[in-house]
Amino acid sequence: MIRISLAGLVGLTAALFAYPQPKGEDKKPFGGPKDVAFARKVWTRMKNYPDWELHSDVIKGQTPHGKWVKIYSSWIRVDGKLFPILVKDNFRGRGVSPKRIQEDRGKWLKAVTIMLKRKPGYDKENQDWFWAKFSPDGKLVNNPKGVPLAGRVAKGSSKGCISCHSQADGDDYLFSNDG
Ligand code: HEC
């Protein structure tokens, strides 16, 4: 007869689903005070991103981001350290078109999503990316439960930034460089 102790089973399940958080970081995978504070600093350091040299044209977006998107990349310095970052403008609205976005970017910009590569160990199961979603004025956007979208967003869930981006070609969590 096989006897499974309840405590053992609970322990096993917990081990499977609870990802160990790196030392000195928030307990929750995202939306905790440290991730929120980091995201705010990132915003102040990336503010001039529309002027960055490396960027795409306005290109057709796929779900869930925007009808049209524009991707920028650079390095920014936060707390004295340099981090590579990708920023994405997400445009939508009735009548939106690349021409109209060129004419009046602010009118169509609905959200700004970012991925920034943190130091090794921040999220080693997911290549140490830090995720955040801002409104065009730089406020963090919350999920429907009121949790700010900043950090290891939706780690462990089958939906959200990490799970979708983990399916990008080349196993690099990036879609824009897929062929
Ligand atoms: C259902 C899939 C999906 C989800 C969920 C998702 N993305 Fe994306 N993301 C994409 C795709 C596809 C692209 C390529 C450009 C496009 O089509 O918008 C992309 C592009 C990006 C880029 C530009 C770099 C790249 O990969 O090309 C950033 C930055 C980004 N997403 C951030 C986020 C953040 C932050 C979240 C969560 C708040 C998120 N994404 C959620 C599918 C997704």
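Refer to the structure presented above.
Residues numbered from 1 in each chain as written. Predicted model: local features only at pLDDT ≥ 70, side-chain atom pairs only at ≥ 80, totals over all residues. Heavy atoms only, no water.

1. Focus: the overall build of the protein chain
Here is step 1 of the chain: What the protein chain contains, in helices and strands, is five helices and seven strands.
Here is step 2 of the chain: Ordered by position from N to C terminus, the α and β elements of the protein chain give α-α-β-β-β-β-α-α-β-β-β-α.
Here is step 3 of the chain: Look at the contacts in the protein chain between residues 6 or more apart in sequence, and 47% of them connect residues 24 or more apart.
Here is step 4 of the chain: Accessible area of the protein chain: about 11,200 Å², with a carbon and sulfur share of 57%. (Helix = DSSP H or I, 4+ residues; strand = E, 2+ residues; numbered from the N terminus. Contact = heavy atoms within 4.5 Å. Areas by Shrake-Rupley, 256 points an atom, 1.4 Å probe, with all protein chains shown as cover.)

2. Structural notes on the environment of Trp-68
Here is step 1 of the chain: Note on placement: Trp-68 falls in strand β3 (residues 68–78).
Here is step 2 of the chain: Looking at Trp-68, the relative accessible area reads 16%, which means it is buried.
Here is step 3 of the chain: In the structure, Trp-68 is positioned 10 residues away from Val-58 in sequence and 6.3 Å away in space, judged by C-alpha atoms.
Here is step 4 of the chain: Here Trp-68 is in contact with Val-58, Ile-59, Lys-60, Gly-61, Asp-89, Asn-90, Phe-91, Val-96, Ser-97, Pro-98 and Ile-101, once residues within four sequence places are set aside. (Buried < 20%, exposed > 50% of the residue type's maximum accessible area, 1.4 Å probe, protein only.)

3. A word on unusual backbone geometry
Here is step 1 of the chain: Phi is positive for Asp-128, close to 65°, though the residue is something other than glycine.
Here is step 2 of the chain: With respect to the secondary-structure elements, Asp-128 resides in the loop between β5 (109–117) and β6 (129–134).
Here is step 3 of the chain: For Asp-128, a relative accessible area of 12% puts it in the buried group.
Here is step 4 of the chain: In this model, Tyr-173 sits at a positive phi of 70°, which is unusual for a non-glycine residue.
Here is step 5 of the chain: By secondary structure assignment, the location of Tyr-173 is in the segment after α5 (161–165).
Here is step 6 of the chain: You can call Tyr-173 buried: its relative accessible area is 6%.

4. Some points on the pattern of salt bridges
Pairs can form between side chains of opposite charge once their charged atoms are near each other.
Here is step 1 of the chain: According to the stated counting rule, one finds eight salt bridges in the structure shown.
Here is step 2 of the chain: Linking Glu-125 and Lys-155 is a salt bridge whose minimum nitrogen-to-oxygen distance equals 2.6 Å. Pair noted here: Glu-125 is in the loop between β5 and β6 and Lys-155 is in the loop between β7 (150–151) and α5, with a separation of 30 residues, a long-range link.
Here is step 3 of the chain: Classification of Glu-125 as partly exposed rests on a relative accessible area of 36%.
Here is step 4 of the chain: Under the relative-accessibility criterion, Lys-155 is labelled buried at 9%. (Salt bridge = Lys/Arg side-chain N within 4 Å of Asp/Glu carboxyl O.)

5. Some remarks on the environment of Phe-130
Here is step 1 of the chain: Tracing the backbone through its elements, the reader meets Phe-130 in strand β6.
Here is step 2 of the chain: The spacing of Phe-130 and Ile-85 is 45 residues in sequence and 9.3 Å in space, taken between C-alpha atoms.
Here is step 3 of the chain: Setting aside residues no more than four positions away along its own chain, Phe-130 makes contact with Asp-35, Phe-38, Ala-39, Ile-114, Met-115, Leu-116, Arg-118, Tyr-122, Ala-150 and Gly-151.

6. Concerning the pairing of β3
Here is step 1 of the chain: When strand β1 (residues 54–55) meets β3, the two strands line up antiparallel, connected through two bridges. Looking across to β3, one finds that His-55 is bridged to Tyr-72.
Here is step 2 of the chain: Across 11 bridges, β3 lies against strand β4 (residues 81–91) in antiparallel orientation. Residue pairing for β4: Trp-68 is matched across the bridge by Phe-91.
Here is step 3 of the chain: Taken together, β3 and the strand that follows it, β4, pair antiparallel across an intervening segment of two residues, in which Asp-79 is found at a positive phi of about 50°. (Pairing = 2+ DSSP bridges.)

7. What about the pairing of β6?
Here is step 1 of the chain: Within β6, five of the six residues are buried, leaving the element largely enclosed by the surrounding structure.
Here is step 2 of the chain: Pairing between β5 and β6: six bridges, direction antiparallel. Paired with Met-115 across the bridge in β6 is Trp-131.

8. Details of the packing of aromatic side chains
Here is step 1 of the chain: Tallied over the full model, the rule gives six aromatic pairs.
Here is step 2 of the chain: A centroid spacing of 4.9 Å and a plane angle of 80° characterise the contact between Tyr-49 and Tyr-72, whose relative ring orientation is edge-to-face. Residue Tyr-49 is located in the loop between α2 (33–46) and β1, and its partner Tyr-72 is located in strand β3; the two are separated by 23 residues in the primary sequence. In terms of burial, Tyr-49 and Tyr-72 fall into one category: buried.
Here is step 3 of the chain: Connected via pairs of aromatic rings, a cluster forms that spans Phe-38, Phe-83, Tyr-122 and Phe-130.
Here is step 4 of the chain: Its guanidinium or amino end placed over the ring of Tyr-122, Arg-118 lies 4.3 Å from that ring's centre, counting from NZ or CZ.
Here is step 5 of the chain: One cation-aromatic arrangement involves Arg-152 over Tyr-122; the distance from NZ or CZ to the ring centre is 4.3 Å. (Phe/Tyr/Trp six-rings, centres within 6.5 Å; stacked < 30°, edge-to-face > 60°. Lys NZ or Arg CZ within 6 Å of the ring centre and 35° of its normal.)

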